[in-house]
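# Structure assessment
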Amino acid sequence: MPAVKGDNMRGLLVFISDIRNCKSKEAEIKRINKELANIRSKFKGDKTLDGYHKKKYVCKLLFIFLLGHDIDFGYMEAVNLLSSNRYTEKQIGYLFISVMISANNDLIKLVIKSIKNDLASPNPVHVNLALQCTANIGSKEMAEGLGNEIPKLLVTGMEKSLRETIDSVKQSAALTLLRLLRTSPEYIQIGEWSSRVIHLLNDQHLGVVTSAASLIEALVKKNPEEYKGCVSLAVSRLSRIVTASYTDLQDYTYYFVPAPWLSVKLLRLLQNYPPPEDPAVRTRLTECLETILNKAQEPPKSKKIQHGNAKNAVLNEAINLIIHMDSDPNLLVRACNQLGQFLQHRETNLRYLALESMCLLATSEFSHEAVKKHQETVVNSLKTERDVSVRQRAVDLLYAMCDKTNAEEIVGEMLEYLETADYSIREEMVLKVAILAEKYAVDYTWYVDVILNLIRISGDYVSEEVWYRVIQIVINRDDVQGYAAKTVFEALQAPACHENMVKVGGYILGEFGNLIAGDPRSSPLVQFQLLHSKYHLCGPATRGLILSTYIKFVNLFPEIKSTIQDVLKSDNNLRNSDVELQQRSVEYLQLSTVASTDVLATVLEEMPPFPERESSILAKLKKKKPTVTEQAENKEPKQPMPQAQMSNNVNTHNTPPPLSVPAASNPPSAAASDDLLGLNSPGPSQAAPSAGSFLLDVFDTVGSSPPTNGVDSNGLTPGAEESFKKFICKNNGVLFENDLLQIGVKSEYRQNLGRLGIFYGNKTSFQFSGFSIDTQCPGELASQITCTPKPVGTTIESGAQVQQVINIECITEFSDAPLLIISFMCNGNSHRLNLKLPVMFSKFSEPAEMDSATFFARWKGLSQPNQECQKVFKAKFPIDTEQNKTKMLGFGVSILEGIDPNPDNYVSAGIIHIKGSQVGCLVRLEPNKNAQMYRLTIRASKPPVPNILADLLEHQF
């Protein structure tokens, strides 16, 4: 063949040079179109085109595609190249197919046929090309068509081939089979070859062993019993590696560490099985692990970072295996001591891994005491570490190492750190502190102090389960009731008192306020006045609880009965815009007026002790993403109570019961639905008259029961749009509810990132099967945000719930919302829901503070027409100053006082975070109470933003 037709393909080089010399995009497109026309004419008109020219033109097409241009021809010519016996032509054919042909292409069957021919070829180079193409595409069709062919290459040799080429084929075959096994495991059946595949761990070529180790681990996870023979072979091979010298494995030694990646794979493989039963194998494995620990103590043989990385990778996996076996006290203590050295290492990754592994060691009876010796170092890393993920692991380790001997010290350190802790870990820290305080409390006055400190320090992150639990314990323990009443009374005297503190104080004083009434400083009237001073600062749910405390006071302290009745008669209560509070005031007033002393004492008697059950706080922590500690403990979650029992007997819950009042209009199954949600178990105020709606500010339930298969004109389940709008100014609530299913949402946002916890609760007595969840970002939204859901199981048992975490990243401004598509089978019927995820552009906003001069300077600076949006609209709800403030704050903007001369107007500012930048926005909301109208004006630095925000905010007023 002429020299011009050599492998360098001069025509291709000239074309590439022409493209690079183009001065503009238009010139490049013109040159590419000319070349495409030439190639198309050659493919159509020249029937005698030889392999060289086909290869050259296919290469040009591939180059054009990589430049970003669409290619709609040349596929068949590339497939034809696969039948060539020349290596370069076959290589280009496989390269084109690997890059250009997808799994659902019509030509895939022809490709599979060519691959089968090459897999049967006596030429190992052709076999390797076919295997590499199969691994690159890795489609279901390839797994089905080639799944029985590739295992043979792992265990059979080839005639007239050198040893090296056989080894290269085995390596490629093992990795290709692993790829297909991950893609379509149902089509990969090793069957009769399984024992021979296991023996690849004994192969002379370490490259084959390394590839086979990855494949065998995947096969073990699929069927551990069938491949348990790999344990002895893996131990044998590991022993030969860790005892080898530099010269023994020179080709596989990486910076003085013999075969580190193979060692890691073998150690991981052994973690799929319990400790070996054979004493000889077990002894040999122990020797291997001791050798690895001994080598970790030796001075480094190189100052290169690669040496440390390889050495520590093997050490870390060896420690994981020691923890997994959990049978040798000596090894466990040595592993703990080794990890302790890493706690102060300069490498952040090493500190993180050390803390993570020590969490597991802390759960072992053999190494728990050894872990406790590093308590001071862990506390120090909690306070000084810069990386939040390392601080999170330090919290986990303190939680794991805590016992009765160090509980007060660890809880004290965690409380101290909580004041400055990152917002992302505060809620979990609060739960862990509450659990430790309860679990190791010897003196329950200490427990009460800890919980009240938690509320004082991080009241916003104290979930309802936490304050419910402290009330349960106080009610169950006579010795702490007086102290609790005295302590909450003192806590309520603080000028700034969190609403959760008011809830605890109101409940405890309503039950045990008489225990401190003898002191003039906490007389009945003083208690009432203190509690009433907080009343107008609280939300409806807390106000309902406080009213229940007042009726309790009528029973406990008859001398202030008239004072309390005056409050119940006040316009604020009898004409309250909240119907539930109004009804509660009326019924309590009537009860205090018509009931005799004996009847009142019976109806409002002290709550009985709670039955001992698993802590609801611990149950809540388990529902969160499991930490290393919980995974190690592997505890079974508490079985959910049947729905009927939950609905009809509130006192069987592991939550405080209601204050003892007659239930005039208790809504059915309110307790059940709240418990299923897993976010807000029934609380102290919820069995009182019409108590179900007292949590509406937290979880707005859907009033009707929309069908689970019908859709509206927008393709959504009826009621989905209204539920979506309820989340514009809040982050938590019920997204959907009907007779079958309740879907709750808890979300948090930080800069341009968001995380949603979606809770799916089965309200029926039947199992949900085939439970499938799909999130979609329609149209342009796919490029404006990223939506990454974590998978959940396909079944939900009766009365149970599952949690799904969805991570959101805001790339740029957006006006649409992701879709949540849910389908499942229940009692033989299929159901489908099309909902909107409550993710709006405003969720990525945070309040901005500024003075009057700064505000007006920025307001004037945003004077372009496309930087402003103004809407005048009719009020959808009664104009309420406090509620409007709450909504504006919930929208993610600040309330700037003293900016507008009209005190009824609202002036706000916020900063919205998108990927790589920020958008400033200014808001003015002007209500007209006489006309029941609003004028809303929004200005922002980026043109589409004012319209997006105004459309969202308009729905809230």
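Reading the values: the criteria
- Residues take numbers from 1 onward in each chain, read along the sequence in its written order.
- Local features in a predicted model are, by the rule used here, given only for residues with pLDDT of at least 70; side-chain atom pairs are given and counted only at 80 or more, and totals for whole chains, interfaces and linings are based on all residues.
- Just so you know, side-chain values use all the structure's heavy atoms and leave hydrogens and water out.
- Secondary structure elements follow DSSP: runs of H or I of four or more residues count as helices, runs of E of two or more count as strands, with numbering from the N terminus.
- Surface exposure here means Shrake-Rupley accessible area, sampled with a 1.4 Å probe, where a residue is shielded only by the protein chains that are shown.
- A carboxyl oxygen of Asp or Glu within 4 Å of a side-chain nitrogen of Lys or Arg is what we treat as a salt bridge.
- Only protein chains enter the accessibility calculation, which uses a 1.4 Å probe. A residue is then buried if its area is under 20% of the maximum for its type, exposed if over 50%, and partly exposed in between.
- Fitting a line to C-alpha atoms yields each axis, with helices limited to the stretch in contact; the angle taken between N-to-C directions then spans 0 to 180 degrees.
- Should an angle lie under 35 degrees it is considered roughly parallel, over 145 roughly antiparallel, and from 65 to 115 roughly perpendicular; all remaining angles are considered oblique.
- A crossing counts as left-handed when the near helix is turned anticlockwise from the far one by less than a right angle, and as right-handed when that turn is clockwise.
- The criterion used for residue contact is that any of the two residues' heavy atoms lie within 4.5 Å.
- Note on residue classes: Ala, Val, Leu, Ile, Met, Phe, Trp, Tyr, Cys and Pro are nonpolar, Asp, Glu, Lys and Arg are charged, and everything else, Gly too, is polar.
- The span you would expect from a helix comes to 1.5 Å times its residue count less one.
- Taking the helix axis as origin, the arc is that swept by the directions to the C-beta atoms.
- The rule is short: rings of Phe, Tyr and Trp, with Trp giving its six-membered ring, pair when the centres are within 6.5 Å, and they are stacked under 30 degrees, edge-to-face over 60, tilted in between.
- Remark: a charge is flagged as sitting over a ring if the NZ atom of Lys or the CZ atom of Arg is within 6 Å of the ring centre and within 35 degrees of the ring normal.
- A pair of strands counts as paired when DSSP detects no fewer than two bridges linking them.
- Grouping buried Ala, Val, Leu, Ile, Met, Phe, Trp, Tyr and Cys residues that are joined through side-chain atoms within 4.5 Å yields what is termed a nonpolar core.
- Pairs of N or O atoms within 3.5 Å make up the polar contacts considered here, provided that, within protein, one atom can donate a hydrogen while the other can accept it, and that residues adjacent in sequence are counted only when both atoms are side-chain atoms.

## Section: the overall build of the chain
- The secondary structure content of the chain amounts to 42 helices and 15 strands.
- For the chain, the exposed area adds up to about 43,100 Å²; of that, 49% sits on carbon and sulfur atoms.

## Remarks on the pattern of salt bridges
- Counting across every chain of the model gives 37 salt bridges.
- Put simply, K170 and D203 hold a salt bridge, and the shortest N to O gap is 3.8 Å. Here K170 is found in helix α10 (residues 163-183), whereas its partner D203 is found in the loop between α11 (194-198) and α12 (206-222), with 33 residues between them in sequence.
- By relative accessible area, D203 is classed as buried at 8%.
- The salt bridge involving R924 is made with D900; its shortest N-O contact spans 2.7 Å. Placement of R924 in strand β14 (residues 917-928) and of D900 in the loop between α41 (881-890) and β13 (906-914) is noted, with a sequence separation of 24 residues between them.

## Considering the packing of helix α25 (residues 464-476) against helix α27 (residues 499-512)
- Viewed as axis vectors pointing N to C, α25 and α27 meet at an angle of 20 degrees, and their least axial separation amounts to 10 Å. Here α25 lies roughly parallel to α27, going by the angle between them. For the pair α25 and α27, the crossing hand works out as right-handed. Mapping the contact onto sequence places E464, W467, V470, I471, V474 and I475 in α25 and N500, K503, V504, Y507, I508 and F512 in α27.
- Residues belonging to the contact of α25 with α27 are distributed by class as follows: 9 nonpolar, 1 polar and 2 charged.

## A few points about helix α28 (residues 524-535)
- For α28, which comprises 12 residues, the first-to-last C-alpha distance of 17 Å matches the rise-based estimate of 16 Å (1.5 Å per residue) to within 8%.
- Taken together, the buried positions of α28 are P524, Q527, F528, L530, L531, K534 and Y535. Across the axial projection of α28, the buried residues extend over an arc of 165 degrees, all falling on one side.

## Examining the packing of aromatic side chains
- Evaluated as defined, the whole model comprises 23 aromatic pairs.
- Arranged with centres 5.4 Å apart and planes meeting at 55 degrees, the rings of Y934 and F957 form a pair that is tilted. Pair noted here: Y934 is in strand β15 (residues 933-940) and F957 is in the segment after α42 (944-954), with a separation of 23 residues, a long-range link.
- A connected cluster of aromatic rings, assembled from ring pairs, spans Y749, F814, F841 and F844.
- The ring of Y399 carries the charged tip of K432 above its face, separated from the ring centre by 5.1 Å.
- Over the ring of W859 we find R924, and its NZ or CZ is 5.7 Å from the ring centre.

## Brief notes about the pairing of strand β10 (residues 829-836)
- Of the pairings in the sheet, the one linking strand β9 (residues 819-826) to β10 comprises 8 bridges and is antiparallel in character. Bridge assignment links L819 to a residue of β10, and that residue is K836.
- As consecutive antiparallel partners, β9 and β10 are separated by 2 residues, and within that stretch N827 has a phi angle of approximately 55 degrees, a positive value.

## Focus on the packing of helix α14 (residues 260-270) against helix α16 (residues 305-325)
- Two numbers describe how α14 lies on α16: the axes approach to 9 Å, and their chain directions differ by 10 degrees. The angle between the axes of α14 and α16 places the two elements in the roughly parallel class. Mapping the contact onto sequence places P260, W261, S263, V264, L267, R268 and L270 in α14 and A310, A313, V314, E317, A318, L321 and H324 in α16.
- Classifying every residue of the contact of α14 with α16 gives 10 nonpolar, 2 polar and 2 charged.

## Thoughts on the nonpolar core
- Judged by nonpolar contacts, the single largest core of 217 residues is most densely connected at V197 and L201.
- With 10 residues, the single largest contributor to this core is helix α24 (residues 444-458).
- Aside from chain neighbours lying at most four places away, what touches L201 is V209, A213, I216, C230, L233, A234, R237, L266 and L269.
- Membership of the second largest hydrophobic core comes to 69 residues, among which are V802, C869, M888 and L952.

## Overview of the side chain of Q956
- Note that Q956 resides in the segment after α42.
- Looking at Q956, its side chain comes within polar contact range of the main-chain oxygen of K725, at 3.0 Å.
- In this structure, Q956 is in contact with K725, I728, C729, F877 and K887, ignoring residues within four places of it in sequence.

## Some details on the sheet that holds β14
- Spatially, 5 strands are ordered β11-β13-β14-β15-β12 in an open sheet, and the strand pairing comes out antiparallel. Whereas interior strands pair on both sides, the edge strands pair on one side only; in this sheet they are β11 (845-847) and β12 (868-874). Put simply, the sheet's adjacent strands are angled 25 degrees from each other on average, direction ignored.
- Here 8 bridges tie β14 to β15, and the two strands are oriented antiparallel to one another. In the strand pairing of β15, V923 is matched with I938.
- Where helix α40 (residues 852-861) meets the sheet, its contacts fall on β13, β14 and β15, and the angle it forms with β14 comes to roughly 100 degrees.
- Each of β13, β14 and β15 is contacted by α41, which is oriented at about 20 degrees to β13, the strand it contacts most.

## What about unusual backbone geometry?
- Despite not being glycine, F256 has its phi angle at roughly 70 degrees, a positive value.
- Mapped onto the elements of the fold, F256 is located in the loop between β1 (253-254) and β2 (257-258).
- You will see that D326, though not glycine, has its phi angle at about 50 degrees, which is positive.
- You can call D326 partly exposed: its relative accessible area is 34%.

## As for helix α2 (residues 25-45)
- End to end, α2 covers 30 Å across 21 residues, agreeing with the expected 30 Å (1.5 Å per residue, within 8%).
- For α2, the set of buried residues is E28, R31, I32, E35, L36, I39 and F43. Considered in projection along α2, the buried side chains sweep an arc of 140 degrees and stay on one side of the axis. Exposed residues pointing more than 90 degrees away from the buried face of α2 are listed as E26, K30, K34, K44 and G45.

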